[in-house]
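# Architecture and fold: a report
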Amino acid sequence: MIKGVNKQVLEVTNTENPYFEKIIFFVKPEYGNEDRAKLKKEAESLAKTAGKPPKSRKTKREIYGILSRCALCAGAGAAITYLLNFLV
């Protein structure tokens, strides 16, 4: 256990999870005087239940932005192709 300026921190490095290297728990001030073994056991049990992080989802606004940029790029490509064919 590492004591910070105002917080007690418990770090679990053996997470037994392929997604997480280490997990850091901040102990509530009212439980700072609890038995160290009990805190460590609780932190390890929570670390074992940690699953895959949730997949981030794009909003409709982000999707529309991507689609509009693709359409603009396709239009620019068509315009450049037309100009090259017209000039050559």
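This text gives an overview of the structure that appears in the document.

With that settled, the discussion passes to the packing of aromatic side chains. Using the criterion set out here, one finds one aromatic pair in the structure. Ring geometry for Tyr 82 versus Phe 86: centroids 6.2 Å apart, planes at 15°, classification stacked. Within this pair, Tyr 82 and its partner Phe 86 are both found in helix 2 (residues 60–87), separated by four residues, close to a single helical turn. Relative accessible area serves as the criterion here: at 57%, Tyr 82 is assigned to the exposed category.

If you look at the biggest cluster of nonpolar residues, it comprises seven residues: Leu 10, Val 12, Ile 23, Val 27, Leu 39, Ala 43 and Ala 47. Contributing elements (two or more residues each) for this core: strand 2 (8–12), strand 3 (23–27) and helix 1 (36–49). The leading source of residues in this core is helix 1, at three residues. Other than its neighbours up to four places away in sequence, Val 12 contacts Glu 21, Lys 22, Ile 23, Phe 25, Ala 43, Glu 44 and Ala 47.

For the rest of this paragraph, the subject is the pattern of salt bridges. All chains considered together, the criterion is met by one salt bridge. A salt bridge links Glu 11 to Lys 22; its shortest N-O distance comes to 3.4 Å. Of the two residues, Glu 11 sits in strand 2 while Lys 22 sits in the loop between strand 2 and strand 3, which places them eleven residues apart along the sequence. Overall, the relative accessible area of 35% leaves Glu 11 in the partly exposed class.

The rules behind each value
- Within each chain, residue numbers correspond to sequence positions counted from 1 in written order.
- Predicted model: local features are reported for residues with pLDDT of at least 70 only, side-chain atom pairs are reported and counted for 80 or more only, and whole-chain, interface and lining totals are derived from all residues.
- The side-chain figures draw on all heavy atoms in the structure; neither hydrogens nor water molecules are used.
- Stacked, edge-to-face and tilted labels apply to pairs of Phe, Tyr and Trp rings (six-membered ring for Trp) whose centres lie within 6.5 Å, assigned for plane angles under 30 degrees, over 60, and everything in between, in that order.
- Helix numbering and strand numbering both begin at the N terminus, where a helix is a DSSP run of H or I of at least 4 residues and a strand a DSSP run of E of at least 2.
- Accessible area is worked out with a 1.4 Å probe on protein chains only. A residue is then buried under 20% of its type maximum, exposed over 50%, and partly exposed in between.
- Throughout this description, the term nonpolar core refers to a set of buried Ala, Val, Leu, Ile, Met, Phe, Trp, Tyr and Cys residues connected via side-chain atoms within 4.5 Å.
- Contacts were defined at the residue level, with two residues in contact if any of their heavy atoms lie within 4.5 Å.
- By definition, a salt bridge exists where a carboxyl oxygen of Asp or Glu is found within 4 Å of a side-chain nitrogen of Lys or Arg.

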